[in-house]
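Observations on chain architecture
Each chain, letter by letter, is given below.
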Amino acid sequence: MASFKKLSVKFINAVSIFSIVLVFLIVAGFCYQSMIKIDTDEYWEIHSYQVSRNIVILLSDLENMETGQRGYTITGQQSFLEPFNSGLADVNKTFSVLQNLTADNSVQQNYLAQIRPLIDAKTAELQRVISLRTSSGFPAARAAVATGYGKQIMD
């Protein structure tokens, strides 16, 4: 009977130790899973911020182009075209960044596909007014701006 009690105590101790180790491993597994989820969530949060930031930059680039066109239209001085010229390069660069950032999301890629023609139309409209100012003077450029077409595209 004494050996049965010894065996029984050893068995209970072994089961207890096994249970403690098993609980520890389960808790460690949940902690690891939580850390992976936190890392993944943080990645997507940063990614969303980058997309949002580049959308704001794209709009700012377009506004810089408008500013340059407006300055040139009013003054006729080539130096006012600097924001237009730099904005033109920046718009294409920022758009490419957005395409790369959203390559994994077909919905966002569709939105970009809808925005690209508007960017191209706005760029063409700005260049048209600049050309009118250069070739026909301020009144012709002013008349083109007064149609509101450029504002309509931007809106």
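Above this text is the structure in question.
Below: a short report on this structure. Nothing here was measured: the structure is a model prediction, and the numbers come from that model.

A closer look at the packing of aromatic side chains
One pass over the full model with this rule turns up one aromatic pair. Relative to Trp 44, the ring of Tyr 43 has its centre 4.9 Å away and its plane inclined at 80°; by these criteria the two rings are edge-to-face. The positively charged end of Arg 116 is found above the aromatic ring belonging to Phe 95, 4.7 Å away from the centroid.

Quick look at helix 3 (residues 106–136)
Between its terminal C-alpha atoms helix 3 stretches 45 Å, which fits the 45 Å expected from 31 residues at 1.5 Å a residue. For helix 3, the full list of buried residues reads Leu 112, Ile 119, Lys 122, Thr 123, Glu 125, Leu 126, Val 129, Ile 130 and Arg 133. Gly 137 sits one or two positions beyond helix 3 and adopts a positive phi of about 95°.

Here's the deal with the environment of Thr 67
Inspection of the secondary structure puts Thr 67 in helix 1 (residues 2–75). Assessed through its relative accessible area of 42%, Thr 67 is described here as partly exposed.

A short note on the pattern of salt bridges
Counting across every chain of the model gives five salt bridges. For Glu 125, the salt bridge goes to Lys 122, with nearest N and O atoms at 3.5 Å. Here Glu 125 and its partner Lys 122 are both found in helix 3, three residues apart, which amounts to about one turn of the helix. Exposure class is identical for Glu 125 and Lys 122. Each is buried. The salt bridge involving Lys 151 is made with Asp 155; its shortest N-O contact spans 2.7 Å.

Scoring rules and cut-offs
- Residues numbered from 1 in each chain as written.
- Predicted model: local features only at pLDDT ≥ 70, side-chain atom pairs only at ≥ 80, totals over all residues.
- Heavy atoms only, no water.
- Phe/Tyr/Trp six-rings, centres within 6.5 Å; stacked < 30°, edge-to-face > 60°.
- Lys NZ or Arg CZ within 6 Å of the ring centre and 35° of its normal.
- Helix = DSSP H or I, 4+ residues; strand = E, 2+ residues; numbered from the N terminus.
- Expected span 1.5 Å × (residues − 1).
- Buried < 20%, exposed > 50% of the residue type's maximum accessible area, 1.4 Å probe, protein only.
- Salt bridge = Lys/Arg side-chain N within 4 Å of Asp/Glu carboxyl O.

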